[in-house]
Amino acid sequence: MTARILDGRAVSAAILDRVRREVAEFTGEHGRTPTLATVLVGDDPASHTYVRMKANRCAQVGMHSRRIELDAAIGTETLVGRIRELSADPDVDGILLQHPVPGHIDERAAFEAIDPAKDVDGVTRASFAMMAFDEGGFRSATPGGIMALLDAYDVPLPGRHAVVVGRSPILGRPVGMLLLARDATVTYCHSRTAGLADRVAEADVLVAAAGRPGLIRGEWIKPGAVVIDAGYAGNTGDVEYAAAAERASYITPVPGGVGPMTIATLLAQTIRAARDHQTRRVVSVP
Ligand code: NAP
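Thresholds applied
- Residues numbered from 1 in each chain as written.
- Predicted model: local features only at pLDDT ≥ 70, side-chain atom pairs only at ≥ 80, totals over all residues.
- Heavy atoms only, no water.
- Buried < 20%, exposed > 50% of the residue type's maximum accessible area, 1.4 Å probe, protein only.
- Helix = DSSP H or I, 4+ residues; strand = E, 2+ residues; numbered from the N terminus.
- Pairing = 2+ DSSP bridges.
- Salt bridge = Lys/Arg side-chain N within 4 Å of Asp/Glu carboxyl O.
- Near = heavy atom within 4 Å.
- Polar contact = N/O pair within 3.5 Å; in protein donor to acceptor, adjacent residues only side chain to side chain.
- Areas by Shrake-Rupley, 256 points an atom, 1.4 Å probe, with all protein chains shown as cover.
- Nonpolar A, V, L, I, M, F, W, Y, C, P; charged D, E, K, R; others polar.
- Phe/Tyr/Trp six-rings, centres within 6.5 Å; stacked < 30°, edge-to-face > 60°.
- Axes fitted to C-alpha atoms, helices over the stretch in contact; angles between N-to-C directions.
- Contact = heavy atoms within 4.5 Å.
- UniProt positions renumbered as here; feature names shortened; annotations may be inferred.
- Expected span 1.5 Å × (residues − 1).
- Arc of directions from axis to C-beta.
- Parallel < 35°, antiparallel > 145°, perpendicular 65-115°, else oblique.
- Left-handed = near helix turned anticlockwise from the far one by under 90°.

### Focus on the pairing of strand 4 (residues 94-97)
Neither face of strand 4 is left uncovered, since the one carrying Gly94 and Leu96 and the one carrying Ile95 and Leu97 both have all their residues buried. Of the pairings in the sheet, the one linking strand 2 (residues 35-41) to strand 4 comprises four bridges and is parallel in character. Its bridge partner being in strand 4, alanine 37 is matched across the sheet by isoleucine 95.

Here it is in structure tokens:
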């Protein structure tokens, strides 16, 4: 078997087309442009690239992006203060704090300074709780993108065994919850999991989110499984692509699979935040 490609570039392009139309409609109707604020701390070249890509996509769909770049030496208090200002700013609809921040900063405290109504990257506890209770709210962007990709290819989930390798708060943990909400039976694996190969071999749907290039061997993949590789380290995923593609029914390429879906989800959630924000602005005007 040679797997079908889950083409994140094509699916994300369709989502961004829809977002572009919605942004034009919003701007025409309300006389202002939806705005995403991106906050970047420090000089990490990969983080700079990610933020630039997000700003470019904003421009492509007609959204404003406001880039805030802060020195690596700032402390938690300064970052929290800056994010609180954005949370209170009536001209900002969505806020993205680029992860990771330098190690001396309390990233959780900084995430929690984001108003949940502007948490378009789905990183606050409030967003996580709403997602866990299946009550809407903004999804963590990469997990949201993974679900949109599975849906675009009508991958059935109810009753299937989903194995997630990784349990980070922004990726592994939330994607498992979203799969559970869709009635998959979910197993989490992590760095302390014994017998990773055996767990992976049980997966009808595998989400690799460990950030360890080539960790998942092609021969571990169950024939016919759906393989989502969220890992990304220098254009290499967590899964041995060629060997896995021989066994899987569907597989994401790296790059061109999960990555573009993350940005599309972020922008789709930003236009949604702008609409909700606009409603609140109108309601609060006497
Ligand atoms: P992270 O915070 O470092 O978490 C990695 C997770 O993988 C942890 O839960 C860790 O387990 C687990 N892990 C590490 N080594 C393992 C091993 N040998 N066996 C099993 N599990 C192992 O990373 P992250 O932020 O979730 O990101 C993971 C990957 O996704 C990275 O490559 C990142 O670049 C990529 N990513 C891609 C996108 C995108 O848009 N494409 C977005 C976000 C992240 P413990 O919990 O036990 O430590």
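Okay, back to it.
### Comments concerning the pattern of salt bridges
Under the criterion given, the structure shown has 13 salt bridges. Between glutamate 202 and arginine 199 there is a salt bridge, with its nearest N and O atoms 3.2 Å apart. For arginine 199, a relative accessible area of 27% corresponds to the partly exposed category.

### As for the site of the ligand
Around the ligand sit 22 residues, and of these Arg167, Ser168, Ser191, Tyr232 and Thr262 come closest. Contact distances for the ligand include 2.7 Å between an oxygen atom and a side-chain N or O atom of arginine 167. At 2.8 Å, a side-chain N or O of threonine 262 approaches an oxygen atom of the ligand. Look at the ligand: alone it shows 930 Å² of surface, and the protein chains cover 71% of it. Ranked by residue count, the leading element in the shell around the ligand is helix 10 (residues 258-284), at three residues. Among the residues making up the shell around the ligand, the classes are represented as ten nonpolar, ten polar and two charged.

### A look at the packing of aromatic side chains
Remark: the centre distance and the inter-plane angle together describe each pair of aromatic rings, the angle taken between the planes. By the definition in use, this model includes one aromatic pair. Taking the centre distance of 6.0 Å and the plane angle of 65 degrees together, the rings of tyrosine 153 and tyrosine 250 count as edge-to-face. Note that tyrosine 153 is positioned in the loop between helix 6 (141-152) and strand 5 (161-165) and tyrosine 250 in strand 9 (residues 250-251), a separation of 97 residues in sequence. Taking the relative accessible area as the measure of exposure, tyrosine 250 reaches 16% and is therefore buried.

### Observations concerning the sheet that holds strand 2
Spatially, the three strands line up as an open sheet ordered 3-2-4, and their pairing is parallel. In this open sheet, the two strands that pair with only one neighbour each are strand 3 (64-70) and strand 4. For this sheet, the mean angle separating the axes of adjacent strands, direction not counted, is 20 degrees. Seen against the sheet, helix 2 (residues 45-61) touches strand 2, strand 3 and strand 4 and runs at an angle of roughly 160 degrees to strand 3.

### Considerations on the UniProt feature "domain: Tetrahydrofolate dehydrogenase/cyclohydrolase catalytic" (unreviewed entry) in the chain
As recorded in UniProt, the feature "domain: Tetrahydrofolate dehydrogenase/cyclohydrolase catalytic" (unreviewed entry) lies at residues 6-121. Taken end to end, residues 6-121 is 51% helix and 16% strand, and its two terminal C-alpha atoms sit 22 Å from one another.

### Describing helix 2
Its 17 residues give helix 2 an end-to-end C-alpha distance of 25 Å, which sits within 8% of 24 Å, the value for a rise of 1.5 Å per residue. Turning to helix 2, its buried residues number three or more, namely Ser47, His48, Val51, Lys54, Ala55, Cys58 and Val61. Along the axis of helix 2, the buried residues cluster in a sector spanning 160 degrees; they form a single face. Exposed side chains of helix 2 directed beyond 90 degrees from the buried face belong to Pro45 and Ala59. The elements touched by buried residues of helix 2 are helix 1 (8-30), strand 2, strand 3, strand 4 and helix 10.

### Some details on unusual backbone geometry
Omega for the bond connecting histidine 99 with proline 100 falls within 30 degrees of zero, at 0 degrees, which places this linkage in the cis form. Across the junction of valine 254 and proline 255, the peptide omega takes the value 0 degrees, indicating a cis bond. With respect to the helices and strands, proline 255 occurs in the loop between strand 9 and helix 10. The backbone phi angle of aspartate 183 is positive, close to 70 degrees, even though this residue is not glycine. Looking at the secondary structure, you find aspartate 183 in the loop between helix 7 (172-181) and strand 6 (185-189). Of note, the phi angle at asparagine 235 is positive, near 65 degrees, even though the residue is not glycine. Relative to the assigned elements, asparagine 235 resides in the loop between strand 8 (226-229) and helix 9 (241-245). Looking at asparagine 235, the relative accessible area reads 45%, which means it is partly exposed.

### Details of the UniProt feature "domain: Tetrahydrofolate dehydrogenase/cyclohydrolase NAD(P)-binding" (unreviewed entry) in the chain
UniProt annotation of "domain: Tetrahydrofolate dehydrogenase/cyclohydrolase NAD(P)-binding" (unreviewed entry) refers to residues 140-277 when read in the numbering used here. Annotated as residues 140-277, this span is 38% helix and 14% strand, and its ends, taken at the C-alpha atoms, are 19 Å apart.

### Details of the packing of helix 2 against helix 10
Contact geometry for helix 2 and helix 10: axes closest at 10 Å, N-to-C directions at 55 degrees. With respect to their mutual orientation, helix 2 and helix 10 come out oblique. Our pair here, helix 2 against helix 10, has a crossing hand that is right-handed. Between helix 2 and helix 10, the residues in contact are Met53, Lys54, Arg57, Cys58 and Val61 and Ile263, Leu266 and Leu267, respectively. The class makeup of the residues in the contact of helix 2 with helix 10 is six nonpolar, no polar and two charged.

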